[in-house]
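Examining the three-dimensional arrangement
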Amino acid sequence: MPPRPRPAHPSLRGRLSPALLLAVAAGGTLGTLVRATVAATLTAAGPPVGAGWPWATFAVNITGSALLGALVQALALRGPDEGRRRLLRLGLGTGLLGGYTTYSSFAVETATLGSGGHLALAATYDAVSLAVGYLAAALGFLIADAHARRSGRSTTP
């Protein structure tokens, strides 16, 4: 007798659907393509790779942080994370912005800087990336909050 399939974990029941998975996959594909285009454009316009600050990764991670902060706050102010809002959060947030931003390139560039004898630059890159990323996310959050309040779209007082 073949083994019975295991039921989905109770916390996942009703949360996974083909539409949500497709939204994440499509968003991730598009985000990765946008990141590659931005990186190629900034790399072609800037100094050679390995010559200093990794501007392309820094730029996508900072802009991605700001956009994610704005998206999450805009959706949160419109109501609970369900239906269309969940689809947008997963497709745009997890998918598009998850594909657009890149922790792996950040880690590789930090290691490359450090192994190339630029330990101070690697440490500075890490610290500045994290600090500016948090500030960018907070700025995106605040901009979305102000916009929602001005337009009367907020569900919170």
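Notes on the structure in this doc start here. Here the structure is a predicted model, which is why all the values come from computation and not from measurement. (Residues numbered from 1 in each chain as written. Predicted model: local features only at pLDDT ≥ 70, side-chain atom pairs only at ≥ 80, totals over all residues. Heavy atoms only, no water.)

Some words on the pattern of salt bridges
For clarity, the cut-off: Salt bridges are counted wherever a side-chain nitrogen of Lys or Arg sits within 4 Å of a carboxyl oxygen of Asp or Glu. Three exposure classes are used, based on accessible area relative to the maximum for each residue type with a 1.4 Å probe and protein chains only: buried under 20%, partly exposed in between, and exposed over 50%.
Following the criterion strictly, the structure yields 3 salt bridges and no others. For R89, the salt bridge identified is with D81, shortest N-O distance 2.7 Å. On the accessibility criterion, R89 (30% relative accessible area) is partly exposed. The exposure class of D81 is partly exposed, given its relative accessible area of 32%. Connected via shared salt-bridge partners are D81, R86 and R89.

Here's the deal with the environment of A123
The condition that has to hold: Put simply, DSSP H or I for four residues or longer makes a helix, DSSP E for two residues or longer makes a strand, and each gets a number counted from the N terminus.
The topology assignment puts A123 in helix α5 (residues 119–151). The spatial distance from the C-alpha of A123 to the C-alpha of T110 is 7.7 Å, given a sequence separation of 13 residues.

Topic: the packing of helix α4 (residues 103–115) against α5
Selection criterion: Fitted lines through C-alpha atoms give the axes, limited to the stretch in contact for helices. The angle between two N-to-C directions lies from 0 to 180 degrees. For classification, angles of less than 35 degrees are called roughly parallel, those exceeding 145 degrees roughly antiparallel, those between 65 and 115 degrees roughly perpendicular, and all remaining angles oblique. In this scheme, a crossing is called left-handed if the near helix is turned counterclockwise away from the far one by less than a right angle; it is called right-handed if the turn is clockwise. When checking whether two residues touch, look at their non-hydrogen atoms; a contact exists if any pair is within 4.5 Å.
The geometry of α4 relative to α5 is characterised by a closest axis approach of 7 Å and an angle of 155 degrees between their N-to-C directions. Considered as vectors, α4 and α5 are oriented roughly antiparallel to each other. Helix-helix and strand crossings are classified by hand; for α4 and α5 the assignment is left-handed. Within the contact between the two elements, α4 uses F106, E109, T110, L113 and G114 and α5 uses L119, L121, A122, Y125, D126 and S129.

Quick look at the environment of A138
Following the sequence through the fold, A138 ends up in helix α5. A138 sits 73 residues away from S65 along the chain, and the two C-alpha atoms are 8.5 Å apart.

Digging into the side chain of N61
Rule in force here: Contacts described as polar in this section are N or O atom pairs within 3.5 Å, which, within protein, must combine one atom able to donate a hydrogen with one able to accept it, while residues neighboring in sequence count only if both atoms come from side chains.
Mapped onto the elements of the fold, N61 is located in helix α2 (residues 55–77). The exposure class assigned to N61 is buried, which follows from its relative accessible area of 17%. Within the local environment of N61, its side chain forms a polar contact with the backbone nitrogen of T102, the two atoms lying 2.8 Å apart. With residues up to four places along the chain from it excluded, the contact list for N61 reads T101, T102 and F106.

Some details on the side chain of T110
With respect to the helices and strands, the residue T110 is situated in helix α4. Among residues more than four places away in sequence, those in contact with T110 are A122, Y125 and D126.

Points about the nonpolar core
Our working definition: Buried Ala, Val, Leu, Ile, Met, Phe, Trp, Tyr and Cys residues form a nonpolar core when they are joined through side-chain atoms within 4.5 Å.
By size, the foremost hydrophobic cluster in this structure holds 8 residues: W53, F58, I62, F106, L113, A122, Y125 and A136. Secondary structure elements with two or more residues in this core: α2, α4 and α5. At 3 residues, the largest contribution of residues to this core is made by α5. For W53, the residues in contact, after removing those within four places along its chain, are F58, L121, T124, Y125 and V128.

Focus: α4
Note the following rule: The span one expects for a helix is its residue count, reduced by one, times 1.5 Å. Picture the helix axis, draw a direction to every C-beta atom, and the arc is the one those directions span.
In this model α4 runs 18 Å from its N-terminal to its C-terminal C-alpha over 13 residues, within 8% of the 18 Å that 1.5 Å per residue would give. The complete set of buried residues in α4 reads F106, T110 and L113. Down the axis of α4, the buried side of the element spans an arc of 65 degrees, and every buried residue falls inside it. When the buried face of α4 is taken as reference, the exposed residues oriented beyond 90 degrees from it are V108 and S115. Structurally, α4 contributes buried residues whose contacts are with α2 and α5. Backbone geometry just downstream of α4 places G117 in the positive-phi region, at approximately 85 degrees.

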